[in-house]
Amino acid sequence: MIRIANGQGFWGDWLEAPVRLVDGGPIDYLTLDYLAEVTMSILQKQRQADPQLGYARDFPPLIGRIAKKLQERRIKVVANAGGVNPVACARAVRKAAPGLKVAVVLGDDVLDRIDDFLGKGFEMRNIDTGEPLATIRDRILSANVYIGAFPLAEALATGADVVICGRCADAALVLAPMIDRFGWTADDWDKLASGIVAGHIIECGAQCSGGNCQVDWQNMPDFANIGYPIVEAEPDGSFTVTKHPGTGGRIDTHGVKEQLLYEIGDPTQYNTPDVVADFTSIQLEDTGPDRVRGSGVRGGPRPPMLKASISYDAGWKASGTLVYSWPQAIEKARVADRITRQRLEQLGLRFDEIHSEYFGVNACHGPAARPVHDPPEVQVRISVRGSDKRAVDRFTREMIPLVLTGPPGGTGYGEGRPEVRQIVAYWPALIPRGEIRTRVEVVE
Amino acid sequence: MKMPLSRIAHTRSGDKGDIANIGVIAWLPGYYPILLREVTPARVKDFFGELVKGEVDRFELPNLHALNLLLHRGLGGGGTVSLRTDAQGKTLGAALLAMEIDVDDGELTD
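Model, not experiment: these values are computed from the prediction.

(A) View of the overall build of chain B. In terms of regular secondary structure, chain B is built from three helices and six strands. In sequence order, chain B lays out its α and β elements as β-β-β-α-α-β-β-α-β. For 110 residues, the compact-globule formula gives about 13 Å, and the C-alpha radius of gyration of chain B, at 14 Å, lands near that figure. Oriented by its inertia axes, the alpha-carbon framework of chain B measures out at about 45 × 25 × 20 Å. Going through the 110 residues of chain B one by one, you find that 55% of them count as buried. Long-range pairs, those at least 24 residues apart, make up 60% of the contacts in chain B between residues at least 6 apart in sequence.

Have a look at this one:
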C-alpha cells in the first residue's frame, strides 16, 4: 500500500496544507495541482516579460521549506507547478533545495506547433462550440496538451525526489505514483481507471474532506484546521480516502460522492489521456471514521485524441458596483441600472454584452433566486464586455456619477472606478495522440 | 406532498466551459427513485429559466444514488468570458435545492 496526499487543489489554495500533510503523519507521495484552465495564459505572459518566469512561483519556496523532511521521510513530490516553463521551475527548486533530485516532464507545450498542426489539416475545432481554431489563430496566447500519468511515472522512475510538469490531467498526478510503484501497464484499464477515480476525488484538496460540503456543514469539525486528503492505494486498484488524525473536516461517502460528481460530464465516459473511467462502476463504503473505501472501478482503452487547452485574447471587460439603502432599495438599484444603460446608449458605445446583478436579491441564482421583500440594502453590479477597450474604459466612468445624478441613497463607491481587464478565454480542442512526444529530463 | 429537493438530496455544482454541472445525491438509497421521477431535465430547465440558454442533459449513477445534470449554455459564456458573479456555477447546486418536488408520505422511509 502507498499513501498519496494532495496538498493543493489550485494555485492560491491554502499555503499551510502541504506542510501539514508532511508533518501530520505518514505519506509516501505529495501531489500539488496548481493549474486551472486559464492559469497557463497568465504564466505565458509572465514568461514573455521574463524568460526565467512562467511557473507557479509558490512552489520552489514551499519545497525549500519542507526539503529536509521530504528527504528524511523519503516523500516524493509530483506537481504541475512547471506551467509554461518547467525547466526554470526545476532550476528554482534546485536552488531552494540543493539536496533534492529534480526531474521535469516536457512536451505538453504546443504553442509553436499550431501552424504545423493547422497545415496538417487538424482544425482543432472548439469542443464546445464546433468553431475551427483558424477563427482565433492570431489571438492565441498559450497552447498546451493535457499529458497523462505514464510520462510522470517515467520521471519518478529516475529516482527523482521532485517531479515537475506543465499541463497534465489533474488526476494523473495521483495515478503516476501508482503506476511507478505497482508497475501497472497501459492496458491495465480497470486499475488505471481506479487510480484516476482516486485522483479525481483528491485533486481539489479539501473539497473531498469537508470543504464546500453541504452535508451537515454547521457541525463540520474544526474547519480552521481542515485535513487535506490522503489516498491509501492498493496494488489491485482499490483505495481508501482518509486524512491525518487530529485534523479538521470530515471524510464520509456523502462528501466523497459530492466530489466525484464535481465537474464531470457523461459519468460512463470520464476521459483522461491514460484511460476512460466509468464512474457508474464505483463502489463506495464507509469503513471507519474519516475513511471511505473505493473499489470495483471499470475502465476502457485510452482515447486516440488528446485534449489541448488553448487560451486566447477575447476582448475586455469591467464591472462596477453601487449600494442603495432602504427604503425601496431594489427599486433604486434598478433605476440606477436603467440610467446607466441609457447613458451608454446615448454615448453610442457598443458592447457584446451588458449584464446586471443585484447582490442580496439575485446575483448568484438569477431568476431562480427566492423572492426578497424590502431588504435594508442592495448592491447593483453592472458589467460590460466587448472588443473595444475604449468603450469599456468609458463605461468605468459612468457608475460613480449616479451618486449625485440618480436615485437617493447611493453609496459604496469608495474603491473608485472599476478596472478594465483583458478577457483571456479558453479553447478546448483535440490533437491526435501521435503528434505529442513527451520526454523526461533530470535537472542538475 | 410538495417539498423542496433539499428534503431528499444534496448537491454540488461546477463548470466545464459554458456548461454548468450539478451533481444531485440522494440522502438515502431509497430516495433515488424519487430523484429519477422528480428531477427531470425539463423541470430543471424550467426551474432555472433564462439562466440556462441551452438544453439540460441528465445522467444516472445508480451506484452512487445520484444524478449528474449538465446545463448547456448555463454560465453566460463560461470561464473568464462570463460577466456573472458566479461564472463557474458554484452556487447553482444550492439554488436547485429549492426546486419543489412531489413526494408521497410513504416514500419517505426515515
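After that view of the structure, there is still more to cover.
(B) Expanded view of the sheet that holds strand 9 (residues 270–271) of chain A. All names here are of chain A. Spatial ordering of the open sheet is given by 9-10-13, a layout of three strands whose pairing is antiparallel. Strand pairing shows two members of the sheet lacking a second neighbour, strand 9 and strand 13 (298–300), which therefore form its edges. Sheet analysis places strand 10 (residues 276–278) next to strand 13, joined by three bridges and oriented antiparallel. Counterpart to V276 in the pairing with strand 13 is G300. Here helix 8 (residues 189–202) sits on the sheet in contact with strand 9, strand 10 and strand 13, set at roughly 110° to strand 13.

(C) Layout of the interface of chain A and chain B. Of the residues lining the interface, 46 residues belong to chain A; the matching set on chain B comes to 45 residues. Summed over the three residues of chain A that lose the most area to chain B, namely Q214, L261 and E263 of chain A, the buried surface amounts to 19% of that side. One can count one salt bridge joining chain A with chain B. Viewed at the interface, chain B and chain A are joined by 23 residue pairs in polar contact (both at pLDDT 80 or more). Looking at the side of chain A that touches chain B, the elements that each hand over two or more residues are helix 9 (253–260), strand 11 (283–288), strand 15 (353–359), strand 16 (377–386) and strand 18 (421–432) of chain A. In terms of residue count, helix 9 of chain A provides more of the side of chain A that touches chain B than any other element does, five residues in total. Of the residues contributing to the side of chain A that touches chain B, the split by class is 20 nonpolar, 14 polar and 12 charged.

(D) Molecular detail of the confidence of the model for chain B. When pLDDT is averaged across chain B, the result is 96; 99% of the residues are at 70 or more. Across the interface, the model reports ipTM at 0.98; the global pTM reads 0.97.

(E) Spotlight on the packing of helix 3 (residues 59–73) of chain A against helix 4 (residues 86–96) of chain A. Residues and elements named next belong to chain A. Running from N to C, helix 3 and helix 4 point in directions that differ by 30°, and their axes come no closer than 8 Å. By the angle between their axes, helix 3 is roughly parallel relative to helix 4. Seen along the crossing, helix 3 lies across helix 4 with a hand that is right-handed. Taking contact as the criterion, the partners of F59, P60, I63 and G64 in helix 3 are, on helix 4, C89, A92, V93 and A96.

(F) Representation of the environment of T85 of chain B. Its place among the elements puts T85 of chain B in the loop between strand 5 (66–71) and helix 3 (92–96). Taking relative accessible area as the criterion, T85 of chain B reaches 36% and is therefore assigned partly exposed. Those residues in contact with T85 of chain B that sit more than four places away from it in its chain are E357, F359, A363 and R381 of chain A. A distance of 2.5 Å separates the side chain of T85 of chain B from the side chain of E357 of chain A, its partner in a polar contact.

(G) Representation of the sheet that holds strand 4 (residues 102–106) of chain A in the model. Residues and elements named next belong to chain A. An order of 11-12-8-7-1-2-3-6-4-19 is seen for the 10 strands of this open sheet, with the pairing classed as mixed. Two strands lie at the open edges of the sheet, namely strand 11 and strand 19 (439–443), each paired on one side alone. Averaged over all adjacent pairs, the angle separating strand axes in this sheet is 20°, with direction ignored. For strand 1 (residues 2–6) and strand 7 (residues 230–233), the ladder comprises four bridges, and the chain directions are antiparallel. Note on strand 7: the bridge partner recorded for I2 is A233.

(H) Quick look at helix 4 of chain A. Those residues of helix 4 of chain A lying buried are P86, V87, A88, C89, A90, A92 and V93 of chain A. Check the buried side of helix 4 of chain A and you find it contacts helix 3, strand 4, strand 6 (162–165) and strand 19 of chain A.

(I) Local environment of unusual backbone geometry. With omega at 0°, the peptide bond leading from W326 of chain A into P327 of chain A counts as cis. Checked against the element boundaries, P327 of chain A lands in the loop between strand 14 (305–325) and helix 10 (329–346). Even without being a glycine, D290 of chain A presents a positive backbone phi close to 55°. Assignment of secondary structure puts D290 of chain A in the loop between strand 11 and strand 12 (291–295). Take D290 of chain A: its relative accessible area is 24%, and that puts it in the partly exposed class. Its identity as a non-glycine residue notwithstanding, H65 of chain B has a phi of 55°, on the positive side.

(J) The pattern of salt bridges, seen in detail. Taken as a whole and assessed by the stated rule, the structure comprises 28 salt bridges over all chains. R37 of chain B serves as the salt-bridge partner of E107 of chain B, at 2.8 Å between the closest nitrogen and oxygen. Here R37 of chain B lies in helix 1 (residues 32–38) and E107 of chain B lies in the segment after strand 6 (100–102), a separation of 70 residues in the sequence. With relative accessibility at 21%, the residue E107 of chain B sits in the partly exposed group. Through salt bridges with shared partners, one network takes in R113, D116, K120 and E435 of chain A.

(K) Structural detail: helix 9 of chain A. Where burial is concerned, most of helix 9 of chain A is hidden: eight out of the eight residues are buried. All of the buried residues in helix 9 of chain A are T253, H254, G255, V256, K257, E258, Q259 and L260 of chain A. Where helix 9 of chain A is buried, its residues meet helix 8, strand 11 and strand 12 of chain A together with strand 2 (9–16) and strand 3 (19–26) of chain B. Two to three positions downstream of the cap, the backbone nitrogen of H254 of chain A sits 3.2 Å from a side-chain oxygen, assigning the N-cap of helix 9 of chain A to D252 of chain A.

Definitions and cut-offs
Throughout this document, residue positions are counted from 1 along each chain, in the order its sequence is written. Here the convention is simple: chains get letters from A, ligands get numbers from 1, in the order in which they are written. Under the rules for a predicted model, residues below a pLDDT of 70 receive no local features and side-chain atom pairs below 80 are neither given nor counted, while totals for whole chains, interfaces and linings still include all residues. The basis for the side-chain values is all heavy atoms of the structure; hydrogens and waters are excluded. Strands here are runs of E lasting at least two residues and helices are runs of H or I lasting at least four, both read from the DSSP assignment and numbered beginning at the N terminus. Radius of gyration: C-alpha atoms only; globule rule: 2.2 Å multiplied by the number of residues to the exponent 0.38. Exposed residues in this analysis have more than 50% of their type's maximum accessible area, buried residues have under 20%, and partly exposed residues fall in between, with area computed by a 1.4 Å probe over protein chains only. We call two residues contacting when some pair of their heavy atoms lies within 4.5 Å. Each pair of strands is called paired provided DSSP finds at least two bridges between the two strands. Lines fitted to C-alpha atoms define the axes here, with helix axes fitted over just the stretch in contact, and angles between the N-to-C directions of these axes take values from 0 to 180 degrees. Buried area: the sum, over both parts, of the accessible surface (1.4 Å probe) that disappears when the two are put together. In the sections that follow, a salt bridge refers to a side-chain nitrogen of Lys or Arg positioned within 4 Å of a carboxyl oxygen of Asp or Glu. Any N or O atom pair separated by 3.5 Å or less is treated as a polar contact, with the protein-specific requirement of one donor-capable and one acceptor-capable atom, and with residues adjacent in sequence counted only for side-chain atom pairs. Under the scheme applied, nonpolar residues are Ala, Val, Leu, Ile, Met, Phe, Trp, Tyr, Cys and Pro; charged residues are Asp, Glu, Lys and Arg; polar residues are all the others, including Gly. Note: pLDDT gives the predictor's confidence per residue, expressed from 0 to 100. Roughly parallel covers angles under 35 degrees, roughly antiparallel covers those over 145, roughly perpendicular covers 65 to 115, and oblique covers all other angles. By definition, any crossing whose near helix is turned counterclockwise from its far helix by less than a right angle is left-handed, and any crossing with a clockwise turn is right-handed.

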